[in-house]
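So the chains spell out like this:
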Amino acid sequence: MNTSLAPYTVLITGASSGIGYELALRYLEQGARVFALARSEDRLEQLAKQFPQQCLPVKVDLSDAGDSQRAGEWIDEQTQYLDLAILNAGTCEYVDVNNLSHEPFDKVMAINWQGTINSLLFCLPLLRKKKLQDNSVQTAPAQLVGVSSMASILPMPRSQAYGASKVAMEYLFNSLRVDLANEPIDITIVRPGFVKTPLTDRNDFPMPFAQTTAEAADSILKGINKRHWLVQFPWPLVWLMNSIACLPLRAQVWLLQKISRTSH
């Protein structure tokens, strides 16, 4: 086992599947101590059995403020501080504009937005505590990572709830970047494109340049290690999305409508 990250304490939300699970596995394999948070307990227990000295599974519903507080208090008892917190937990629900209802908005905002807030309430104090440790030892700043989406760049079809939640999350993280400028906490926003996960398996449309979770984890880890402010991938989709975003809004909407009709 590569122990280059021992001792190193990481917290990852949404760690039971997809990108979160792959990231937790990568950090554990490198020797880090990982708090793996998720609503689903089975996959977390698998990680804990595989890495009994390193993985601390935390079953929690981050959309519930009380449950999040309970989890945060337990984590605070287990560690003095966090080196890295990756807020990855999220979900996606598509909106039917011909049959609007609260349901998709409520489901998405509960975890993507409120879950992020609830996570920050216990993660940020632990990230701040890193600087209170032995100041005689030169260590890298703590790091806060938020997993957003390429959908935050453009007004994508049926993504009124999902896209809005990711735009809100990015504004929150960028605003924190301003307020925490004088504190030793680096902030990274991750914008993945389409990644093959149990969540995207439900999609009923083409997913251009879709990547595996292993490929996504490679890009994310590289960006985190370099402490980039913004990590976007894959590059063909990044180029395409940002090129469209440079067009006038009327042209953006016209082009996206054409793409949407072609894909259905």
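This section reports on the structure supplied with the text. Computed from a prediction, not measured in an experiment: that's the story for all the values here. In this convention, every chain numbers its residues from 1, walking through the sequence in written order. Owing to the predicted nature of the model, reporting of local features is limited to residues with pLDDT of at least 70; listing and counting of side-chain atom pairs is limited to 80 or more, with chain, interface and lining totals taken over all residues. Just so you know, side-chain values use all the structure's heavy atoms and leave hydrogens and water out.

As for the pairing of strand β5 (residues 142-147)
Burial here depends on accessible area, computed with a 1.4 Å probe over protein chains only, as a share of the maximum for the residue type. Under 20% is buried, over 50% is exposed, and the range in between is partly exposed. Secondary structure elements follow DSSP: runs of H or I of four or more residues count as helices, runs of E of two or more count as strands, with numbering from the N terminus. Burial runs high along β5: six of the six residues are buried. Across the two faces of β5 the burial is the same, with A142, L144 and G146 and Q143, V145 and V147 all buried. In terms of strand pairing, strand β4 (residues 84-87) meets β5 through four bridges, oriented parallel. Across the sheet, the residue bridging to L84 is Q143, located in β5. The criterion for strand pairing is that DSSP finds at least two bridges linking the strands in question.

Regarding the environment of I185
Here I185 shows up in strand β6 (residues 185-192). Between the alpha carbons of I185 and Q143 there is a distance of 5.3 Å; along the sequence they are 42 residues apart. For I185, the residues in contact, after removing those within four places along its chain, are L124, L127, R128, P141, A142, L144 and L180. Contact between two residues is taken to exist if any of their heavy atoms lie within 4.5 Å; hydrogens are not considered.

Quick word on the side chain of T9
With respect to the helices, strands and loops of the structure, T9 is situated in strand β1 (residues 9-13). In this structure T9 touches R33, F35, T79, Y81, L82, D83 and L84, once residues within four positions along its chain are discounted.

Thoughts on the sheet that holds strand β3 (residues 55-59)
Spatial strand order, β3-β2-β1-β4-β5-β6-β7: seven strands in an open sheet with parallel pairing. Strand pairing shows two members of the sheet lacking a second neighbour, β3 and β7 (230-233), which therefore form its edges. The mean angle between the axes of side-by-side strands here comes to 15°, regardless of whether they run parallel or antiparallel. Of the pairings in the sheet, the one linking strand β2 (residues 33-38) to β3 comprises five bridges and is parallel in character. Structural elements are reduced to axes, namely lines fitted to C-alpha atoms, with helices fitted over the stretch in contact, and the angle between N-to-C directions of any two is expressed from 0 to 180 degrees.

Section: the nonpolar core
Here, the term nonpolar core denotes a set of buried Ala, Val, Leu, Ile, Met, Phe, Trp, Tyr and Cys residues that are joined through side-chain atoms within 4.5 Å. Within the largest apolar cluster, 34 residues are counted, with the highest numbers of intra-cluster contacts made by V10, I12, L23, Y27, V34, L84 and I86. Those elements that provide at least two residues to this core are β1, α1 (18-29), β2, α2 (42-50), β4, β5, α6 (213-225) and β7. For V10, the residues in contact, after removing those within four places along its chain, are Y27, A32, R33, V34, F35 and L84. Membership of the second largest hydrophobic core comes to 30 residues, among which are L37, L56, L62 and I189.

Here we look at helix α7 (residues 235-245)
Within the span of α7, buried status applies to L237, V238, M241 and I244. An end-on view of α7 places all buried positions within 140° of arc, on one side of the element. Projecting away from the buried face of α7 at angles above 90 degrees are the exposed residues W235 and W239. The arc refers to the directions leading from the helix axis to the C-beta atoms.

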